Amino acid sequence: MEIDEKKTAAIFKAFCDENRIRILKLLTTGEKCGCKLLEEIDVTQPTLSHHMKILCDSGVVVGRKEGKWMHYSISHEGAAVAMKSLQELTRITNTDVDKSCCEK
């Protein structure tokens, strides 16, 4: 898999905030309305919108509008891309670990 640095950075940005982790944990049980997320994580509506934009921009979360509320869920495709990105970034490809990079 070829790593898209910009997309990978967006994914990890989505995972680097405690509130966004809380939101993701809530979404593991299925789609949630923004109003429910507001109740559960105790932030203001503009703050929730900010977090949801980051999560949606990463592709890990998708949203759909119903009336005045947005409903959010984890994207199975986005989650798979995130997992593959982490695997690719942490895969060790150099098996010549005995040599120092500075040895001649």
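Above: the structure in question.
Residues numbered from 1 in each chain as written. Predicted model: local features only at pLDDT ≥ 70, side-chain atom pairs only at ≥ 80, totals over all residues. Heavy atoms only, no water.

Re the sheet that holds strand β2 (residues 61-66)
Note the threshold: The rule for pairing is simple: two strands pair if DSSP sees at least two bridges between them. In this description a helix means any DSSP run of H or I spanning at least four residues, a strand means any run of E spanning at least two, and both kinds are numbered starting from the N terminus. Contacts: residue pairs with any heavy atoms within 4.5 Å of one another. Helix axes use the C-alpha atoms of the stretch in contact, all axes being lines fitted to C-alpha atoms, and the angles between their N-to-C directions lie in the range 0 to 180 degrees.
The strand order across the open sheet built from three strands is β1-β3-β2, with neighbouring strands paired in antiparallel fashion. Across the chains shown, the open sheet's two edge strands, defined by having one partner strand only, are β1 (32-33) and β2. Of the pairings in the sheet, the one linking β2 to strand β3 (residues 69-74) comprises six bridges and is antiparallel in character. Looking across to β3, one finds that Val61 is bridged to Ile74. Here helix α4 (residues 45-58) sits on the sheet in contact with β2 and β3, set at roughly 120° to β2.

Points about the pairing of β3
Relative to β3, β1 runs antiparallel, the two being bridged by two bridges. When the sheet's bridge partners are listed, Lys32 is paired in β3 with Tyr72. The antiparallel hairpin formed by β2 and β3 contains two residues in its connecting segment, where Gly67 sits at a positive phi of about 65°.

Quick notes on the side chain of Lys32
What counts, and what does not: Relative accessibility decides the category of a residue: with a 1.4 Å probe and only protein chains considered, values under 20% of the type maximum give buried, values over 50% give exposed, and everything between is partly exposed. Asp and Glu count as negative and Lys and Arg as positive, but His and the ends of the chain are not part of the count. In the sections that follow, a salt bridge refers to a side-chain nitrogen of Lys or Arg positioned within 4 Å of a carboxyl oxygen of Asp or Glu. Residues adjacent in sequence count toward polar contacts only when both atoms are side-chain atoms; beyond that, a polar contact is any pair of N or O atoms within 3.5 Å, and within protein one must be able to donate a hydrogen and the other to accept it.
Secondary-structure assignment places Lys32 in strand β1. Despite being buried, Lys32 has no salt bridge partner; Glu40 is the closest side chain of opposite charge, sitting 8.3 Å away. At 2.6 Å, the side chain of Lys32 forms a polar contact with the side chain of Thr29. In contact with Lys32, not counting residues within four places along its chain, are Leu26, Leu27, Leu37, Met70, His71 and Tyr72.

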